[in-house]
Number of protein chains: 2
Amino acid sequence: MNVKKLLLIKTALQLFYSNGINSVGINEIVKESGVAKKTLYHHFSSKEQLVLATLKYRDHLFCQWFESILNSKKTGKESILALFYGLDNWFNNRVAGLDEFKGCYFINTAAEYGDPNSLARRSCKEHKHKISLLIKEKVSMFINKTDECEVVANTISLLKEGAIVSASVEGNIDAALKCLPTVLRIINEDY
Amino acid sequence: MNVKKLLLIKTALQLFYSNGINSVGINEIVKESGVAKKTLYHHFSSKEQLVLATLKYRDHLFCQWFESILNSKKTGKESILALFYGLDNWFNNRVAGLDEFKGCYFINTAAEYGDPNSLARRSCKEHKHKISLLIKEKVSMFINKTDECEVVANTISLLKEGAIVSASVEGNIDAALKCLPTVLRIINEDY
DNA sequence: ACCCAAGTAGAACAAGCAGTCTACCATGGC
DNA sequence: GCCATGGTAGACTGCTTGTTCTACTTGGGT
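The residue count restarts for each chain, going from 1 along the sequence in the order it is written. Each chain takes a letter, starting from A, and each ligand takes a number, starting from 1, following the order in which they are written. Where totals are concerned, whole chains, interfaces and linings use all residues; where local detail is concerned, this predicted model gives features only for residues with pLDDT of at least 70, and gives and counts side-chain atom pairs only at 80 or more. Side-chain metrics rest on all non-hydrogen atoms present in the structure, leaving aside hydrogens and water.

Colleague: Could you clarify how one ought to interpret the overall build of chain A in this entry?
Modeller: When helices and strands are tallied, chain A shows nine helices and zero strands. Segments assigned H or I by DSSP are reported as helices when at least four residues long, segments assigned E as strands when at least two residues long, and all are numbered from the N terminus. The N-to-C order of helical and strand elements in chain A reads α-α-α-α-α-α-α-α-α. Only protein chains enter the accessibility calculation, which uses a 1.4 Å probe; a residue whose area is less than 20% of its type maximum is buried, one above 50% is exposed, and one in between is partly exposed. Looking at chain A residue by residue over its 191 residues, the buried ones come to 54%. Across chain A, every contact between residues at least 6 apart in sequence was considered, and the portion connecting residues at least 24 apart equals 66%. Here a residue-residue contact requires only that any non-hydrogen atoms of the pair lie within 4.5 Å.

Listed below in structure tokens is the structure:
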């Protein structure tokens, strides 16, 4: 990837993530990155295309981090627990590479686009789906029955989502750790 | 409350909620409501003040609905279950008075404001805190030990939050019903 | 040494923004 | 009948937005 193009994506992501997409103008991105405006429009045909590029880039960064956590353990149960410790690290800014915690970039972005069929929202939806599948994969390692696996994986996903929102909106940065008692129960007991 | 002022708040809320705050201009609100721009600025000193008014109004509407669900049942356990059926109704647009489901107005709004100390975000935080307390109140009706009550109430709140986000971002409109198996377990079993 | 292509800076553009202003109109007390 | 008051419409301001344009610099191939 072109070095200027990547710089633009990184700069835009950082500004969009911490201030909201509609609050950040092209001029600010150009100024902050030091890249010429014409060059920006050479690489991206519009602001929307740049937004989509930041979503794709963030998806890459996030999934890389997410998968490395899940795959750092041998058993599915350990992976799920590691996930919540990982979230706790994220909320408390102990994860380099994900920027200062400002909630989920995909939830935040979806909130700024009214139309559920917009490209940006489709991209957010896709990302969430991917993450849910990764969780389900780990849960299926220790729960065989399909419907039980479904329920547990779903619960884990929703708790994770709730923790992210609670941490960012309420400032409840202990949210991930507060999930642990419940998570332990649902992954250790049979239905 | 002045009839024009209320109309402005209602119109602004409807537009902000379905399109995002930064995507809606003052002119659009004025046009849609049929109220003069001068009158708007007579009642609200700035757009931000109007935003704050919509948050307050939505908080009123939402809490009214929320409390009516929780208080419709005799026991705490029934109230918690009713809550998730209520959420399901909301996600599937069977609740008149909350507009077409577009996620949580407070989560959406918080996402548009970078500064966590902004008045808007404080208002969102306050709302979430209020809702969490209402849930905790019901949980304390059937769990006596303080720390157990805390954990269960927290889990319910996070599941609720996760369900709202999943329903709006992923379009997972069955999210509330999918919580039921887990909710049933944690409110019926002892620790 | 020359040329072409790609990238540079930043001025310029139309459109839209939040917010202000003037001029007008309706109503109610005297 | 007349004035005062408070709400009305909507033109206007100054600024910012996303996007385009012109003019210039740079580096590599021949």
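Here the narrative resumes.
Colleague: Explain the protein's contact with DNA strand D here, please?
Modeller: In the region of DNA strand D, 16 residues are neighbours, and Ile26, Lys37 and Lys38 of chain A together with Lys4 and Thr39 of chain B sit closest. The sugar-phosphate backbone supplies 50% of the atoms of DNA strand D found within 4 Å of the protein. Between N or O atoms, a polar contact is any pair within 3.5 Å; within protein, one atom must be a potential hydrogen donor and the other a potential acceptor, and residues adjacent in sequence are included only when both atoms are from side chains. Contacts to DNA strand D include Ile26 of chain A, whose backbone N or O atom sits 2.6 Å from a phosphate oxygen. The contact in question runs from a phosphate oxygen of DNA strand D to an N or O atom on the side chain of Thr39 of chain B, over 2.4 Å. Secondary-structure elements contributing two or more residues to the surface near DNA strand D are α2 (26-33) and α3 (37-43) of chain A together with α3 (37-43) of chain B. Residues of the surface near DNA strand D, tallied by class, amount to five nonpolar, six polar and five charged. What makes a residue near a molecule or strand is one non-hydrogen atom of that residue sitting within 4 Å of it. Put simply, Ala, Val, Leu, Ile, Met, Phe, Trp, Tyr, Cys and Pro go in the nonpolar bin, Asp, Glu, Lys and Arg in the charged bin, and everything else, Gly too, in the polar bin.

Colleague: Whenever I open this one, the pattern of salt bridges confuses me. Can you help?
Modeller: Where charged atoms from two side chains of opposite charge come close, those side chains can pair. The working definition used for a salt bridge is a side-chain nitrogen of Lys or Arg within 4 Å of a carboxyl oxygen of Asp or Glu. As enumerated under the stated definition, the model contains 10 salt bridges over all chains in all. The residue Asp88 of chain A makes a salt bridge to Arg94 of chain A at a minimum N-O spacing of 2.9 Å. Note on Asp88 of chain A: relative accessible area 8%, which makes it buried. In this structure, the salt-bridge partner of Lys160 of chain B is Glu161 of chain B, at a minimum N-O distance of 3.5 Å. A single salt-bridge network, built from bridges that share partners, covers Lys128, Lys160 and Glu161 of chain A.

Colleague: What am I meant to see in the packing of helix α4 (residues 47-70) of chain A against helix α6 (residues 105-112) of chain A here?
Modeller: The description of two helices packed together rests on the angle between their axes and the distance between the axes. Residues and elements named next belong to chain A. Angular values range over 0 to 180 degrees, each being the angle between N-to-C directions of two axes fitted as lines to C-alpha atoms, with helices fitted over their stretch in contact. Running from amino to carboxyl end, α4 crosses α6 at an angle of 160°, the nearest separation of the two axes being 11 Å. Judged by the angle between their axes, α4 and α6 are roughly antiparallel. Considering how the two elements wind past one another, α4 and α6 form a crossing that is left-handed. Along the contact surface, α4 presents Thr54, Leu55, Arg58 and Asp59, while α6 presents Tyr105, Phe106 and Thr109. Split by residue class, the contact of α4 with α6 holds three nonpolar, two polar and two charged. When an angle is under 35 degrees it counts as roughly parallel; over 145 it counts as roughly antiparallel; between 65 and 115 it counts as roughly perpendicular; any other value is oblique. In a left-handed crossing the near helix is turned counterclockwise from the far helix by less than a right angle, and in a right-handed crossing that turn is clockwise.

Colleague: I'm lost on the relation of the copies chain B and chain A in this one. Help?
Modeller: The operation relating the pair of chain copies consists of a rotation about an axis and a translation along that axis. After a rotation of 180° and a shift along the axis of 0.0 Å, chain B superposes on chain A with an RMSD of 0.0 Å. Expressed as a symmetry operation, the mapping of one chain copy onto the other fits a two-fold axis. Using C-alpha coordinates, one finds that chain B approaches the rotation axis most closely at Gly162 of chain B, a distance of 2.0 Å. A high fraction, 100%, of the interface residues of chain B reappear at the interface in chain A, so the copies pair face to face through one surface. Alignment of the copies relies on least squares applied to C-alpha atoms, considering only residues that score at least 70 for pLDDT in both.

Colleague: So what exactly am I meant to see when it comes to the packing of helix α1 (residues 3-19) of chain B against helix α2 (residues 26-33) of chain B here?
Modeller: Residues and elements named next belong to chain B. Between α1 and α2, whose axes approach to 9 Å, the crossing angle comes to 120°. Overall, the two elements α1 and α2 adopt an arrangement that is oblique. When you trace α1 past α2, the crossing you get is right-handed. Residues Leu7, Leu8, Thr11, Ala12, Leu15 and Phe16 of α1 form the contact with α2, whose participating residues are Glu28, Ile29, Glu32 and Ser33. Here the residues of the contact of α1 with α2 are counted per class, giving six nonpolar, two polar and two charged.

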